Amino acid sequence: MTTEPTAPAPRTRSRRLVILGIVVVVIVVGVLAVRPFPALVYPSWQLVGWELGDGVGGPRFDPAKARTTTVVAVGIWVQGTPRLPLDPSYLEPIITYTPWSVMITLRNPHAVDCGALPCVGGYTTTISFPVQLSEPLGGRALFDGSQFPPAARPYP
């Protein structure tokens with residue numbers, strides 16, 4: 001005698017749906033939590049740290065205009081054998097906006113991983129790079145996203 005398969009009890013079905021819902025929520029929250037931090041997404045050798053422009057080799061960041069400016073002058077360190085002339089146009093700025101901060105991450109997609117060996121050759125120098133913002137800085141905190149956690153770049 002064969003028995004007909006029965007549908008799972010409603011209680012078991014609802015448990016499965018709840019577990020599936022929790023898994024979906026955890027995945028979505030995880031993706032949204034990692035997305036704002038490029039230092040967790042891109043290889044570290046492609047990320048370029050920066051400081052606010054000090055006027056050496058390019059424009060100086062003017063704190064008096066920080067509320068209304070849409071261009072942030074930064075200075076980046078170039079190590080190894082950089083392209084000549086020193087032109088940082090190959091950098092890809094990744095900018096993350098929140099109501100209280102702006103995080104600028106500079107990425108060099110042409111960087112090479114030297115592995116455990118130091119990258120040698122050339123020299124170390126600072127060059128200026130103007131980062132274009134899509135909205136005014138508005139007095140928000142400024143962060144360098146090339147590391148995790150992001151490094152604060154305070155301006156007076």
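The rules behind each value
- Residues numbered from 1 in each chain as written.
- Predicted model: local features only at pLDDT ≥ 70, side-chain atom pairs only at ≥ 80, totals over all residues.
- Heavy atoms only, no water.
- Helix = DSSP H or I, 4+ residues; strand = E, 2+ residues; numbered from the N terminus.
- Buried < 20%, exposed > 50% of the residue type's maximum accessible area, 1.4 Å probe, protein only.
- Contact = heavy atoms within 4.5 Å.
- Areas by Shrake-Rupley, 256 points an atom, 1.4 Å probe, with all protein chains shown as cover.
- Phe/Tyr/Trp six-rings, centres within 6.5 Å; stacked < 30°, edge-to-face > 60°.
- Lys NZ or Arg CZ within 6 Å of the ring centre and 35° of its normal.
- Salt bridge = Lys/Arg side-chain N within 4 Å of Asp/Glu carboxyl O.
- pLDDT = per-residue confidence, 0-100.

A. Region of the structure containing the overall build of the chain. Assigned secondary structure in the chain consists of one helix and eight strands. Counting helices and strands in the order they occur from the N terminus, the chain gives α-β-β-β-β-β-β-β-β. Buried positions account for 28% of the 156 residues belonging to the chain. For the chain, restricting intrachain contacts to residue pairs at least 6 apart in sequence, the fraction spanning at least 24 positions comes to 71%. A total accessible area of about 10400 Å² is found for the chain, and carbon and sulfur atoms account for 63% of it.

B. The packing of aromatic side chains, seen in detail. A full pass over the atoms with the stated rule returns one aromatic pair. Ring geometry for Phe61 and Tyr155: centres 5.5 Å apart, planes at 65°, overall edge-to-face. Remark: Tyr155 occurs in the segment after strand 8 (151-152) and Phe61 occurs in the loop between strand 2 (50-52) and strand 3 (71-78); sequence separation between them is 94 residues. Assessed through its relative accessible area of 17%, Tyr155 is described here as buried. Above the plane of the ring of Trp50 lies Arg153, whose end atom (NZ or CZ) is 5.7 Å from the centre.

C. Quick look at the pattern of salt bridges. In the structure shown here, the tally under the stated rule is four salt bridges. For Glu135, the salt bridge is made with Arg140, and the minimal N-O distance between the two is 2.9 Å. Taking relative accessible area as the criterion, Glu135 reaches 30% and is therefore assigned partly exposed.

D. How the structure looks around the confidence of the model for the chain. Scored by pLDDT, the chain has a mean of 75; 62% of the residues are at 70 or more. Looking over the chain, one finds the lowest element-wise mean pLDDT in helix 1 (residues 10-34), namely 70, and the highest in strand 7 (residues 141-144), namely 92.

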